[in-house]
Amino acid sequence: MHQKTLLFLFIFSLISITVVAQIVKPPKGRIAIVADGNSPDPDDLGGTAISIALLRSAGLEDRLVHYSHSCDLVRDDRISEKAEKERHHLMQVACDMTARRWGGFEQLKFYDALWQKEETINDLAWAINASTADDPLWIIEAGEPDIIGMALKITPTEKHQFVKVVTHHPANDNAGDYYTWQQILDFGIEEVRIPDQNIKLKVDIEQWDWAKKHEDPRIRLIWTIGNIAEIDNIVNFQKGKWDCSDAGMILYWITGANVNDGLKQGDIEDVKNMLLKYINKNPEIKRRK
């Protein structure tokens, strides 16, 4: 082989190794996720499963110090009481089952923000209280801002400078029943706003066929959880779509956030590559019957 060709291949391999190594480069600090999923839009099912799987795939599961779901504290008239109750259970399954199958989250309790409201607020407040300049808290706003506001209200003002709230859509910011987005900002937290993640992470369901047909049950599990949103009969805007848009904020944080130039608008290939890289390195041990 020609020397120039060999040199090119060598340099290319070095560049490829560097790029791969830089995929996971989170900022310092811990992460908390506050999702809804009990509201009419069921996208948090897929978002939750992917968020948990991404953190595990990146080896950052120990940095997740709070996860709560069903943070829509006042039921919307578009969803019945029966369907609302169903959503709570589905979100809990999405949390608990994904965490159990992917592993690494044994230290974490997944809270139902409405049904365990006081515990949820106290748990998030504990995470805020532990924050410092060297160990800030990044709160992922994957739902209404009320729980975040309630936790900030009972924590010392001097801690709020070490809290960063990541948001990608005003639909969450402006949906609070108790707090406006401006009131959240008035606590003195840092707003971290990234582009709308629906653009590249709410896609035609066929783009997830790779997961539906994958041989590893952990991959098929997250596909199944996300697919529930598509077959849901409460709203029509998820029909034909597989949506994990809120997980885009997790992808952004994993890849650097606003400190290390994180991936501001990740796509399905970014999610797929990170998950499959982990799966390939950590095959599931098949148990004997």
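Owing to the predicted nature of the structure, the values given are computational and were not obtained by experimental measurement. (Residues numbered from 1 in each chain as written. Predicted model: local features only at pLDDT ≥ 70, side-chain atom pairs only at ≥ 80, totals over all residues. Heavy atoms only, no water.)

### Regarding empty space enclosed by the protein
Here is step 1 of the chain: Scanning all chains against the criterion turns up one cavity of 30 Å³ or more.
Here is step 2 of the chain: Its volume calculated, the largest cavity comes out at about 40 Å³.
Here is step 3 of the chain: Taken together, Ile33, Ala35, Asp44, Gly47, Thr48, Ser51, Tyr67, Ile140, Ala142, Asp246 and Ile250 make up the full set of residues lining the largest cavity.
Here is step 4 of the chain: For the lining of the largest cavity, the secondary-structure elements that each account for two or more residues are β1 (30–35), α2 (44–57) and β4 (137–142).
Here is step 5 of the chain: For the lining of the largest cavity, the element with the highest residue contribution is α2, accounting for four residues.
Here is step 6 of the chain: Each residue belonging to the lining of the largest cavity can be placed in one class, and the counts come to six nonpolar, three polar and two charged. (1 Å grid on protein atoms, 1.4 Å probe; cavity = no way out; pocket = protein on both sides within 12 Å on 5 of 7 lines; lining within 4 Å. Points joined across faces, edges and corners; volume = space filled by probe spheres on them. Helix = DSSP H or I, 4+ residues; strand = E, 2+ residues; numbered from the N terminus. Nonpolar A, V, L, I, M, F, W, Y, C, P; charged D, E, K, R; others polar.)

### What to know about the sheet that holds strand β2 (residues 64–69)
Here is step 1 of the chain: Spatially, the six strands line up as an open sheet ordered β3-β2-β1-β4-β5-β6, and their pairing is parallel. In the strand order of this sheet, the two ends are held by β3 (110–112) and β6 (190–193), each with one partner. Geometrically, the sheet is characterised by an average inter-axis angle of 20° between neighbouring strands, direction not taken into account.
Here is step 2 of the chain: Relative to strand β5 (residues 163–167), β4 runs parallel, the two being bridged by four bridges. When the bridges of β5 are listed, leucine 137 appears paired with valine 163.
Here is step 3 of the chain: Of the strands in this sheet, β2 and β3 are in contact with helix α3 (residues 81–102), which crosses β3 at around 175°. (Pairing = 2+ DSSP bridges. Axes fitted to C-alpha atoms, helices over the stretch in contact; angles between N-to-C directions. Contact = heavy atoms within 4.5 Å.)

### Here we look at the packing of aromatic side chains
Here is step 1 of the chain: Evaluation of the coordinates by the stated rule reveals five aromatic pairs.
Here is step 2 of the chain: Ring geometry for tryptophan 102 and tyrosine 278: centres 5.8 Å apart, planes at 25°, overall stacked. Residue tryptophan 102 is found in helix α3, and its partner tyrosine 278 is found in helix α12 (residues 268–281); the two are separated by 176 residues along the sequence. Pair check on accessibility: tryptophan 102 and tyrosine 278 agree, each one buried. (Phe/Tyr/Trp six-rings, centres within 6.5 Å; stacked < 30°, edge-to-face > 60°. Buried < 20%, exposed > 50% of the residue type's maximum accessible area, 1.4 Å probe, protein only.)

### Observations concerning the packing of α2 against α3
Here is step 1 of the chain: Following both chains from N to C, one finds α2 and α3 inclined at 20°, their axes separated by 9 Å at the closest point. As judged from the angle between their axes, α2 and α3 are roughly parallel. Crossing of α2 over α3 shows right-handed handedness. In contact with Asp44, Leu45, Thr48, Ala49, Ile52, Ala53, Arg56 and Ser57 of α2, α3 contributes Leu90, Met91, Ala94, Cys95, Thr98, Ala99 and Trp102.
Here is step 2 of the chain: Residue composition of the contact of α2 with α3, grouped by class: ten nonpolar, three polar and two charged. (Parallel < 35°, antiparallel > 145°, perpendicular 65-115°, else oblique. Left-handed = near helix turned anticlockwise from the far one by under 90°.)

### Notes on the layout of surface pockets
Here is step 1 of the chain: Its boundaries defined by the atoms lining it, the largest pocket holds a volume of some 450 Å³.
Here is step 2 of the chain: Around the largest pocket, the lining is made up of 26 residues, and of these Asp36, Ser39, Asp41, Ala171 and Asn172 lie nearest the centre.
Here is step 3 of the chain: Here the lining of the largest pocket is composed, by residue class, of six nonpolar, seven polar and 13 charged.

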